[in-house]
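This is what each chain is made of:
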Amino acid sequence: MFRNKEGDYFSYSEKIILDFSTQTPYNIYSNVGESLLREIVAPTHCPSCSSPLVWENDQLFCYNTSCESKTYKLIEHFSSTLKIKGLGPSSIQKLRITSIPQIYELSLGEMVEALNSEKLAAKLFEEIQDSKKVSLSEILPAFSIPLIGKSAASKLCSVVSSIYDLNEEACTKAGLGPKASNNLLTWYNTMFLREYKWLPFSFESNEVVSVIEPKGVVCISGKLTSFKTKAEAEKVLISKGYIVKSSLTREVTILVNESGLESSKTKKARDSGVSITTNLNQLLGN
Ligand SMILES: [Zn+2]
């Protein structure tokens, strides 16, 4: 309800549209003339939960975390981001879901009863179980953290492999701005550690780009004495962080020549300043 200067009450639905999206719950748009807008006294309390509203950058926010309007939007956004089919606004209400963890606490029996359909319940139950497979980059944008959408999440997941690695340094490395970083870390220290860490997700990412510098680029020339086959030696070299090339390309930094024979490859390597080793085990530190 809003009040004009004269103190008359009128319903906001007639004159004003309220945007209940989680990020700007009280962004007030007017579909009426400027003159009327000036007469309107902004609400001091949330029409949904009656909590006091807070002004921030010309917008009013309801900071009550259990505000029903906000909660429903949060769950809807979570469900749609994870593409849980059948968990739209109406089933969220029917199932009386008021927090994200509750989605995963529902039993099939409870769903059948609330949705009044075995078929619908079974489908939704399966969808919910399926949603547990998502990776960190898919789940982060689902939590309605301001400024943390798909793009920020995928940047983050290229530098951290687990949600527990999130810190200021990781955010900077991922190229997140100070506001986004602050939003994310605040959410992590409050909502995540208090409530969401128990959710049935791995909270891991498998998208981390390897940033380990190769120890060297190796080319093997001739027969080996320390390994039975070249393939075996290559496997060990790769596992120890080397890159293996079959021919003496420009990137090669180490030439392995265990036979000791001065092959054309060895000569070429020597001429171009490539280091030559006659003992692969020594190189590997075995
Ligand atoms: Zn509220």
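Residues numbered from 1 in each chain as written. Predicted model: local features only at pLDDT ≥ 70, side-chain atom pairs only at ≥ 80, totals over all residues. Heavy atoms only, no water.

1. Notes on the confidence of the model for the protein chain
Logical step 1: Averaged over all residues, the pLDDT of the protein chain equals 82, while 83% of them reach at least 70.
Logical step 2: When the criterion is pLDDT under 50, residues 1-38 qualifies, and its contacts beyond four places in sequence or with other chains add up to 76 contacts. (pLDDT = per-residue confidence, 0-100. Contact = heavy atoms within 4.5 Å.)

2. Some remarks on the sheet that holds strand 9 (residues 254-256)
Where strands meet in a sheet, backbone hydrogen bonds hold them as pairs that are either parallel or antiparallel.
Logical step 1: One open sheet holds the 4 strands; their spatial order is 8-7-9-10, and the pairing between them is parallel. The sheet is open, and its two edges are formed by strand 8 (242-245) and strand 10 (275-277), each paired on a single side. With direction set aside, neighbouring strand axes in the sheet form an average angle of 30 degrees.
Logical step 2: Two elements, strand 7 (residues 216-220) and strand 8, share 4 bridges in a ladder whose sense is parallel. Bridge pairing in strand 8 places Cys219 opposite Lys245. (Pairing = 2+ DSSP bridges. Helix = DSSP H or I, 4+ residues; strand = E, 2+ residues; numbered from the N terminus. Axes fitted to C-alpha atoms, helices over the stretch in contact; angles between N-to-C directions.)

3. Structural notes on the side chain of Ser79
Logical step 1: Mapped onto the secondary structure, Ser79 falls in helix 3 (residues 68-81).
Logical step 2: If we ignore the near neighbours within four places in the chain, the residues touching Ser79 are Ile84 and Leu87.

4. Quick word on the pattern of salt bridges
Logical step 1: Tallied over the full model, the rule gives 4 salt bridges.
Logical step 2: A salt bridge links Lys245 to Glu251, with the nearest nitrogen and oxygen atoms 3.4 Å apart.
Logical step 3: Taking the relative accessible area as the measure of exposure, Glu251 reaches 43% and is therefore partly exposed.
Logical step 4: Here Glu262 and Arg270 are joined by a salt bridge, their closest N and O atoms 2.9 Å apart.
Logical step 5: Owing to a relative accessible area of 47%, Arg270 belongs among the partly exposed residues under this scheme. (Salt bridge = Lys/Arg side-chain N within 4 Å of Asp/Glu carboxyl O. Buried < 20%, exposed > 50% of the residue type's maximum accessible area, 1.4 Å probe, protein only.)

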